[in-house]
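# A look at the structure
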Amino acid sequence: MLQDFTAEPLRRSKFDGMTERLPQEKETSLVLLEQLDYYRARATEYDQWWLRQGRYDRGPALKAQWFAEASVVQTALVAFRPEGRILELACGTGIWTEQLLPFATELTAVDGSREMLAINAARLGLPMVRYIEADLFRWRPAAEERYDTIFFGFWLSHLPPERFAQFWNVVASWLAPRGRVFFVDSRYQETSTAVDHILPERSATVLQRRLNDRREFRVDKIFYERDELTRHLTELGWSFEIEETTNYFMYGMGYRMGREPDNA
Ligand SMILES: C[S@@+](CC[C@H](N)C(=O)[O-])C[C@H]1O[C@@H](n2cnc3c(N)ncnc32)[C@H](O)[C@@H]1O
């Protein structure tokens with residue numbers, strides 16, 4: 001089932017042709033539009049990144065390392081035991097939707113790219129997932145809807161820093177009492193990305209990405225340090241345990257302070 005929440009699309013024409021420096025917020029919005037365009041165009045080649053194929057193939061040793069580390073995260077997700085009504089944000093092609101499904105009584109998967117959602121639906125082939133096409137900076141669940149588990153894979157690093165607090169506050173408002181969050185994201189590691197991508201300084205927040213056909217797009221990409229991220233989340237009222245694999249991944253499990261889950 002696919003619901004469309006993009007009835008009021010962001011209008012890019014508004015900023016077309018502007019040559020003067022845009023105020024920060026408008027510039028951020030433009031990069032977010034470009035980022036979504038990038039993922040829409042990349043949908044059919046997206047899994048090459050996860051499977052270490054094509055431009056992401058760094059040779060057998062690094063491929064084996066990647067899969068070993070991915071397996072650490074997958075094991076951690078199973079140990080976390082997602083449960084109940086699960087909401088997956090920026091679900092993409094379904095790499096994680098598939099992992100969440102066995103734990104869910106209901107699974108809602110949101111993404112801004114209908115191309116990604118179509119691949120996700122084809123991968124799972126099950127009608128019980130509710131797919132929602134929506135811009136996550138605008139979408140809100142229906143007023144009464146709350147989720148026991150909220151999951152996002154490789155989404156946090158794509159949030160511009162100035163949207164970070166707002167994002168976590170809305171996630172808190174979507175969680176059921178004693179609800180929990182699990183996320184996984186990238187560590188700063190050159191061999192994680194395509195051979196023709198340049199990994200900029202760690203402090204950069206916008207970087208250039210390329211498709212197989214060499215089209216280029218800007219995306220937000222923030223490489224957090226574990227301690228820094230834990231501190232930010234604590235300041236926003238969350239309790240998080242964040243782990244890192246040897247090279248590639250960072251993953252976190254948490255809940256809102258004052259709304260401790262039964263097993264905390
Ligand atoms: C790095 S991919 C992660 C996909 C998936 N979670 C995974 O781990 O494979 C980022 C996802 O965010 C989606 N996305 C980008 N901008 C978005 C927006 N403004 N609203 C909703 N989804 C967006 C893209 O379509 C893409 O599927």
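Whatever comes next refers back to the structure up there.
Overview of the structure. (Residues numbered from 1 in each chain as written. Predicted model: local features only at pLDDT ≥ 70, side-chain atom pairs only at ≥ 80, totals over all residues.)

Looking only at helices and strands, one finds seven helices and ten strands in the protein chain. For a compact globule of 264 residues, the expected C-alpha radius of gyration is about 18 Å, and the protein chain comes in at 18 Å, within 12% of that figure. Projected onto its principal axes, the C-alpha positions of the protein chain cover 50 × 45 × 40 Å. Counting every position in the protein chain, which comprises 264 residues, the buried fraction comes to 29%. Considering only contacts in the protein chain between residues 6 or more positions apart, those separated by 24 or more positions represent 64%. (Helix = DSSP H or I, 4+ residues; strand = E, 2+ residues; numbered from the N terminus. Rg over C-alpha atoms; globule rule 2.2 N^0.38 Å. Buried ≥ 20, exposed ≤ 12 C-beta atoms within 10 Å, placed from the backbone. Contact = placed C-beta atoms within 7 Å.)

What follows is about the nonpolar core. Considering soluble globular proteins, one finds that nonpolar side chains tend to be buried as a cluster. Ile86, Leu89, Ile150, Phe151 and Phe183 are the most contacted members of the largest nonpolar core, which totals 47 residues. By residue number, the principal contributor to this core is strand E6 (residues 175-186), which donates five residues. Those residues in contact with Ile86 that sit more than four places away from it in its chain are Leu100, Phe103, Ala104, Leu107, Tyr147, Asp148, Thr149 and Phe151. (Core = buried A, V, L, I, M, F, W, Y, C linked by C-beta atoms within 7 Å.)

Another point: the site of the ligand. Residues in contact with the ligand amount to 20 residues; listed here are only the nearest, Tyr39, Ala90, Gly92, Gly112 and Gly153. Ranked by residues supplied to the shell around the ligand, first place goes to helix H1 (residues 24-42) with four residues. Its residues assigned to classes, the shell around the ligand comprises twelve nonpolar, six polar and two charged. (Near = placed C-beta within 6 Å. Nonpolar A, V, L, I, M, F, W, Y, C, P; charged D, E, K, R; others polar.)

Right, let's talk about helix H5 (residues 114-124) for a bit. The set of residues buried in H5 consists of Met116, Leu117 and Asn120. The buried residues of H5 occupy an angular sector of 95 degrees when the element is viewed end-on, so they sit on one face. Count one or two residues on from H5 and you reach Gly125, which has phi positive near 60 degrees. (Arc of directions from axis to C-beta.)

Within the fold, Asp148 resides in strand E5 (residues 147-153). Considered as a pair, Asp148 and Trp174 are 26 residues apart in the sequence and their alpha carbons are 9.0 Å apart. If sequence neighbours within four positions are ignored, Asp148 has contacts with Glu83, Gly84, Arg85, Ile86, Ala176 and Gly179.

Here we come to the pairing of strand E9 (residues 238-244). Note on strand geometry: in a regular strand, side chains alternate between the two faces of the sheet. Sheet topology places E9 next to strand E10 (residues 249-256); seven bridges connect them, and they run antiparallel. Across the sheet, the residue bridging to Trp238 is Arg256, located in E10. With antiparallel pairing between neighbouring strands as the criterion, E9 and E10 make up a hairpin whose turn holds four residues. (Pairing = 2+ DSSP bridges.)

Turning to the pairing of strand E7 (residues 206-210), a few remarks are in order. As paired elements, E7 and strand E8 (residues 216-220) share five bridges and run antiparallel to each other. Bridging across to E8, Arg210 finds its partner in Glu216.

Quick look at unusual backbone geometry now. Positioned with a positive phi, Arg81 is a non-glycine residue whose angle comes to about 55 degrees. Along the chain, Arg81 turns up in the loop between helix H3 (60-80) and strand E2 (84-89). Classification of Arg81 as exposed rests on a count of 11 C-beta atoms within 10 Å. Backbone geometry at Ala90 places phi at a positive 55 degrees, although glycine is not the residue there. Turning to its location among the elements, Ala90 is positioned in the loop between E2 and helix H4 (97-100). Ala90 sits in the buried class, given 21 other C-beta atoms within 10 Å.

A separate point is the environment of Gln208. Locating Gln208 in the fold gives a position in strand E7. Residues Gln208 and Asp148, 60 residues apart in the sequence, show an inter-C-alpha distance of 36 Å.

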